[in-house]
Each structure stands twice: as C-alpha cells, then as structure tokens.
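A look at the structure
Each chain is listed here by its residues.
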Amino acid sequence: MNQTLGPSVEAAAPRKAEAHKGRAGAPARTGAVKAQVKKLLYRLYEHRLLRQVRHGVMPGHIGIILDGNRRHGVRQGITDPQAVYSLGANKLNEVLDWCGEFRIPVVTLWVLSTDNLSRSTAQVSSILMAIEEKLVALATDPEIHHRRVRVQAIGRLDLLPGSTLAAIETARKATAPYDSMVLNIAVAYGGRDEIVDSVRAFLAQEARRGGTIEETINRVTTAAISENLYMSDVPDPDLIIRTSGEIRLSGFLLWQSAYSEFYFSDVNWPAFRKIDFLRAIRSYQERQRRFGA
C-alpha cells in the first residue's frame with residue numbers, strides 16, 4: 001500500500017534543510033565577524049601608534065632591505081615568481097605614502113643585490129621585470145609628481161640588461177627636477193662593491209691629478225671615500241629597516257650605516273603594514289643616538 005508523509009513530517013523536512021544550511025553557513029559568518037573585529041583592532045592600534053610618533057623626531061633618511069618575497073609567496077601558495085615579485089614592487093606605493101605623510105625626505109630601497117644576480121635565470125628575470133614595470137609606472141604616477149619625488153638608481157648598473165637601464169632612465173628623466181623627496185633604488189647593489197668602486201674612483205682622480213704614490217696615500221681620508229660613494233649627495237641613513245626576520249645587513253650601505261639605527265621586522269616584505277612601519281619609527285624615536293660618542 002502506498003503511503004504519503006503526514007503533514008507534520010512534510011512541514012518538518014524544509015525546516016531541517018534550512019537548519020542544516022544555517023549550520024553550514026555559520027563558520028563563514030564567524031570568519032567574517034572575526035575579520036571585521038581584526039580590522040577594527042588594527043585601525044585602533046594604528047591610531048594609537050600614530051599618536052605616539054606624530055610629534056617625535058623623524059629620521060631624515062630611511063633605508064629598507066626588502067626581504068621575504070619568496071617566503072611570502074610560499075605561504076600564500078603563489079608559485080609564479082613574477083606574481084610574487086610584483087606584489088613586493090606594489091608595496092612601494094604604500095611605503096611612499098607613509099614616508100610622505102611624515103615628510104621623510106630620503107628613502108633608499110634595496111631591491112636587488114649583486115649576489116642575487118647569481119640566482120636562477122627565471123628568478124632574476126622575474127625580479128628585473130617587476131623592477132622595470134615599477135620604474136616605468138613611477139615615471140607617470142601622479143602621486144610621484146604631486147609629491148615631487150626624484151627617483152634614481154644606485155649600484156653596479158653596468159651589470160643590468162638594456163631593458164632595465166631604459167626603465168631606470170625613464171624614471172630618472174621624468175623626476176629629475178624634483179627635490180621634495182629622493183627615492184633611491186639600490187639595484188645590482190652590494191656594500192662592499194660600493195666601497196671598492198669609491199676607492200677606484202678616488203684613485204682615478206689622483207691619477208689624473210698626476211700626484212705621487214705618497215701624495216695619494218696622504219689624501220686617502222674618510223671624506224675622500226664618502227665623496228665617491230653612489231649617494232654622495234644625500235645624508236647617511238638614520239634608520240635601516242629589514243623585513244622577514246633576518247637580523248643582519250647583508251652588506252646594505254656598509255659605509256653609510258656606521259651610526260644608523262637598525263630595526264628588524266618579522267613580517268615578509270609584501271605583507272609589511274603601516275603598523276610595522278610605525279613600530280620602526282617608534283623604536284627609532286625611543287633610542288638615544290650618540291654617533292659613536
């Protein structure tokens with residue numbers, strides 16, 4: 001005999017389905033709520049840090065070692081090297097916003113070392129492509145022109161391919177007249193290499209002068225070396241930040257960092273946030289600088 005479900009059973013079926021659907025959607029709603037709470041707490045903490053540092057002494061020159069791109073890619077499941085390094089390149093916009101907010105006049109970013117050039121062809125090509133795209137974008141970026149940011153590159157530029165040199169020249173020419181902020185892009189850069197190049201430049205000057213070996217030796221001074229460094233026209237860095245948790249300079253601005261303050265952040269470069277930047281500024285302001293005295 002065929003039997004049909006009773007009215008109470010038929011009515012209960014959709015209610016059970018709705019209840020199951022509601023339970024299934026609960027984790028998503030919980031995750032959304034947690035994300036909103038986290039976002040709110042982040043903003044509150046950011047405002048607190050801003051109040052702490054706003055009226056303190058700001059560094060006149062900040063150097064940043066952009067480390068942790070590949071580790072960030074692994075954590076995020078990003079396997080395309082070009083995509084990973086593009087994320088790191090795009091972080092530059094935010095950093096310039098933060099430095100502009102606090103009127104920091106000089107920023108130096110180490111984006112590629114001479115040692116990095118020995119990595120696989122695919123990795124080097126991805127890094128250089130990201131650098132080229134960013135430099136070309138900077139040349140036409142309205143914010144760069146509004147802030148009057150002068151963009152220039154330092155390093156052993158002769159080691160770079162023609163496409164990278166062309167991108168560097170595009171950014172340099174487009175921003176050459178500006179003087180409100182200087183953005184130094186350290187590419188194919190090594191601190192030891194810079195010192196060697198400075199000594200070579202000094203010796204070349206002395207050779208043109210025609211002095212004796214004894215006269216040349218007597219003219220070797222810290223000032224003579226400093227005058228021939230890649231960035232002889234800007235002050236030494238007051239603060240150097242390194243991301244990714246590595247606690248070393250790896251050769252970044254070896255000569256210029258003699259009296260710099262250092263700050264090491266555990267955050268990988270593409271994930272570097274404004275609160276991480278503000279923490280570095282706060283740490284700098286809490287220190288009593290003695291410059292070797």
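A brief structural summary.

Spatial ordering of the open sheet is given by β3-β4-β2-β1-β5-β6, a layout of six strands whose pairing is parallel. The open sheet has two free edges, formed respectively by β3 (149–154) and β6 (261–264), since each of these has just one partner strand. With strand direction ignored, the average angle separating the axes of adjacent strands in the sheet is 20 degrees. Where strand β2 (residues 106–113) and strand β4 (residues 181–189) come together, seven bridges link them in parallel fashion. Bridge pairing in β4 places V106 opposite V182. Lying on the sheet, helix α4 (residues 121–140) is in contact with β2, β3 and β4; it crosses β2 at an angle near 150 degrees.

Right, let's talk about a nonpolar patch on the surface for a bit. Residues V33, V37, L40, L41 and L44 make up a contiguous nonpolar surface patch of roughly 470 Å² in combined accessible area. Examined against the element boundaries, V33 turns out to sit in helix α1 (residues 7–53).

This part covers the packing of aromatic side chains. For the structure on display, the rule yields nine aromatic pairs. Note on W98 and F277: the rings are 5.5 Å apart at their centroids and 40 degrees apart in plane angle, and the pair reads as tilted. With W98 in helix α3 (residues 81–101) and F277 in helix α10 (residues 274–285), this pair connects stretches of sequence that are 179 residues apart. Considered together, W98 and F277 belong to a single accessibility category, that of buried residues.

Owing to its 3.6 residues per turn, the α-helix brings residues three or four apart onto one side. With 21 residues, α3 should reach 30 Å at 1.5 Å per residue; the first-to-last C-alpha distance of 32 Å fits that figure. Restricting attention to buried positions, one finds in α3 the residues Q82, V84, Y85, S86, G88, A89, K91, L92, V95, L96, W98 and C99. Looking one or two residues beyond α3, the residue adopting positive phi is R103, at roughly 55 degrees.

Moving on, we get to the pairing of β2. Within β2, seven of the eight residues are buried, leaving the element largely enclosed by the surrounding structure. With five bridges connecting them, strand β1 (residues 61–65) and β2 associate as parallel partners. Following the sheet pairing, H61 is matched in β2 by V106.

Conventions used here
- Residues numbered from 1 in each chain as written.
- Predicted model: local features only at pLDDT ≥ 70, side-chain atom pairs only at ≥ 80, totals over all residues.
- Heavy atoms only, no water.
- Pairing = 2+ DSSP bridges.
- Helix = DSSP H or I, 4+ residues; strand = E, 2+ residues; numbered from the N terminus.
- Axes fitted to C-alpha atoms, helices over the stretch in contact; angles between N-to-C directions.
- Contact = heavy atoms within 4.5 Å.
- Patch = residues over 30% accessible without salt bridge, like charges linked within 9 Å, V, L, I, M, F, W, Y side chains within 5 Å.
- Areas by Shrake-Rupley, 256 points an atom, 1.4 Å probe, with all protein chains shown as cover.
- Salt bridge = Lys/Arg side-chain N within 4 Å of Asp/Glu carboxyl O.
- Phe/Tyr/Trp six-rings, centres within 6.5 Å; stacked < 30°, edge-to-face > 60°.
- Buried < 20%, exposed > 50% of the residue type's maximum accessible area, 1.4 Å probe, protein only.
- Expected span 1.5 Å × (residues − 1).

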